[in-house]
Amino acid sequence: MTSPSSVPPPLRVGIIGGGLAGLSTAAHLLLAAPDDFTVEILEAAPFPGGQCASWRDDRGRTLETGIHLAFPWYHNLAALAAAIGRPLPLRETDGNYYVCNGATGRVDTLLAGKSVLKTLGGLATFPGLTPGERWQLARLIGRILRMDDAAAEAHDGQTVAEFLAAQGATPALARQLALAAVTIQGLRPEEAGATSFLKFLRTMYGSTGRFDTAFFGAPLGDALIEPLAAFIRARGGRLQLGSAIAGIEAEPEGPGVRLPDGTVRRFDHVVAAVPGHALPTLLPPAWREQPPFAGLRGLHETPIVTLTLWYDRRVLPDGNVYISNRDRRHGPVFDAVADKADHWRDWPGLAASGSIVQVLIDAADDVAGLADEALVARAVADLDRFFPGCRGVRPIDATVLRLTGTYCGTRPGYWSRVPRTAATGIPGLWLAGDYTTGPYHYGMESAVRSGKEVANGLLALRGRPAHPVLRPRYLPFVRA
Ligand SMILES: Cc1cc2nc3c(=O)[nH]c(=O)nc-3n(C[C@H](O)[C@H](O)[C@H](O)COP(=O)(O)OP(=O)(O)OC[C@H]3O[C@@H](n4cnc5c(N)ncnc54)[C@H](O)[C@@H]3O)c2cc1C
């Protein structure tokens, strides 16, 4: 029998960052062994969620950081939501890609979806390709599906445009394929790194899921973040909001965190769950130069602009996401638009009866200098161009969010810079964040999975079994 005195005290875990990765770390610890850990999240912002947050403005309306899609292979995200008893309120799209083609002014439809047959049908009917190009496309996708991580990462120095040129892709084929780079990396193919593109395509074409690409049926905070925060609090975890950490201290007993007033808080374990580019400045100078941190100094945040346009009537045809090929010469200015009022139609908090159009401008360096009014005017003109329901109708209100701290765009060299590990080699210091793990480079699934991996490392210290880390369900011939 164990005597009470032999029960070790709980490990004190301090988590810097209350985004999805930090919340996932805390929730996975508290799901498995609430008595083994005291968990405290220190979040700089006044609300949790980081890049995945939503909040109310001073008029009580909900604002989100921007359009978020859940993909069918987000198994760790879905499992976490189910485990805390709050399954995700997902609203499925039809899986297709709708591309606002700046050159033609039309919306091109690319068939895609959970059925492999439908996705193959999409390959066969990609608009604007000759039969020879379709055959070349099928062979190229086949080659990508057989690339393992090492083969995909061998292309880290290339842009998507360079990779496609080296593969002999015709201009029409390159234009179509480059859409994946624009959609998932938010960068033009001349800027986007080839490896993330390859890993994303491999997962998109090479895995199966039970649902198609989905939106959340409620704002991100209500659907995802607040349920996690409530669970963490209910299990005794603490969430300190408005608590920016000034640095991580090297101490003989383990790392500590330095608050802006110079006070140092001691924990047994510190989890850095901040974006990769934000980590180096928090580290003692000597650590910045050494693995696994050294490459992080080469990462740069990528500004994103999100516009929310409120209308007094429905102006978009449905709840699908409409993307563009980021051809800024022909417009449109946006990378993606979607009607949140459609997604949130069953959410009790929805007050508006008209459209709430979210307009996402990724990697917005080139337009971030424009005044709010100019950005809104450009977006409205673009919407008029592609959507008949918008013509002659003006939004009754608009907000402009200029987001920093994001880096959706992975540029060449990214994969050789980021540590793909939860353990740092420094006793007591762990890394969580979408850059540390996952099937490709970024996203909610990677953030949740990274937190699970940190939690598993800490659970092992207490002899507790690990949470299963779920991978996309790859088709048998896919090497991943
Ligand atoms: C507009 C937009 C659209 C997106 N669309 C999608 C999508 O469709 N699908 C998808 O899967 N993903 C999407 N993403 C990406 C997804 O939101 C992120 O991958 C995920 O939320 C990252 O979580 P994280 O915890 O790793 O990082 P973050 O969310 O960046 O969390 C880091 C947290 O650390 C805090 N922090 C930073 N410095 C400090 C400090 N010194 N002290 C204390 N706290 C600190 C920050 O405030 C933040 O809350 C999108 C992101 C954006 C911005």
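Residues numbered from 1 in each chain as written. Predicted model: local features only at pLDDT ≥ 70, side-chain atom pairs only at ≥ 80, totals over all residues.

Some points on the site of the ligand
Working step 1: Close to the ligand lie 39 residues; G17, G19, G50, G66 and G443 are nearest.
Working step 2: Among the secondary structure elements, those contributing two or more residues to the shell around the ligand are α1 (20-32), β15 (304-310) and α14 (444-461).
Working step 3: In terms of residue count, α1 provides more of the shell around the ligand than any other element does, 3 residues in total.
Working step 4: A class-by-class count of the residues in the shell around the ligand yields 23 nonpolar, 14 polar and 2 charged.
Working step 5: Both domains that meet at the shell around the ligand, namely domain 1 (8-54 + 219-300 + 411-470) and domain 3 (212-217 + 302-403), each give it at least three residues. (Near = placed C-beta within 6 Å. Helix = DSSP H or I, 4+ residues; strand = E, 2+ residues; numbered from the N terminus. Nonpolar A, V, L, I, M, F, W, Y, C, P; charged D, E, K, R; others polar. Domains from an automatic or database assignment.)

A short note on the packing of helix α7 (residues 171-185) against helix α8 (residues 194-206)
The description of two helices packed together rests on the angle between their axes and the distance between the axes.
Working step 1: As a packed pair, α7 and α8 sit with axes 10 Å apart at the nearest point and diverge in direction by 95°. By the angle between their axes, α7 is roughly perpendicular relative to α8. Only S196, F197, F200 and L201 of α8 make contact with α7, whose side of the interface consists of A180, A181, I184 and Q185.
Working step 2: Of the residues in the contact of α7 with α8, the class split is 6 nonpolar, 2 polar and no charged. (Axes fitted to C-alpha atoms, helices over the stretch in contact; angles between N-to-C directions. Parallel < 35°, antiparallel > 145°, perpendicular 65-115°, else oblique. Contact = placed C-beta atoms within 7 Å.)

With respect to the domain arrangement of the protein
Working step 1: Domain annotation for the protein reports domain 1 (8-54 + 219-300 + 411-470), domain 2 (115-208) and domain 3 (212-217 + 302-403).
Working step 2: The C-alpha-based centres of domain 1 and domain 3 are spaced at 32 Å.
Working step 3: Between domain 1 and domain 3, the residue contacts involve 6 residues of the former and 6 residues of the latter.
Working step 4: The residue makeup of the side of domain 1 that touches domain 3, split by class, is 4 nonpolar, 1 polar and 1 charged.

Quick look at the sheet that holds strand β14 (residues 269-272)
Sheet strands pair by backbone hydrogen bonding; their relative direction is either parallel or antiparallel.
Working step 1: Spatially, 5 strands are ordered β10-β2-β1-β14-β20 in an open sheet, and the strand pairing comes out parallel. Lying at the two open borders of the sheet, with one neighbouring strand each, are β10 (238-240) and β20 (429-431). Within this sheet the neighbouring strands show an average axis-to-axis angle of 20°, counted without direction.
Working step 2: Along the sheet face, α1 touches β1 (11-16), β2 (37-42) and β14 and points at about 165° away from the line of β2. (Pairing = 2+ DSSP bridges.)

Structural notes on the sheet that holds strand β12 (residues 256-258)
Working step 1: Spatially, the 3 strands line up as an open sheet ordered β11-β12-β13, and their pairing is antiparallel. Two strands close off the open sheet at either side, each with one partner strand: β11 (247-249) and β13 (264-266). Strand-to-strand twist in this sheet, taken as the mean axis angle between neighbours without regard to direction, amounts to 30°.
Working step 2: Both β11 and β12 contribute to a ladder of 3 bridges, which runs antiparallel. Paired with E249 across the bridge in β12 is G256.

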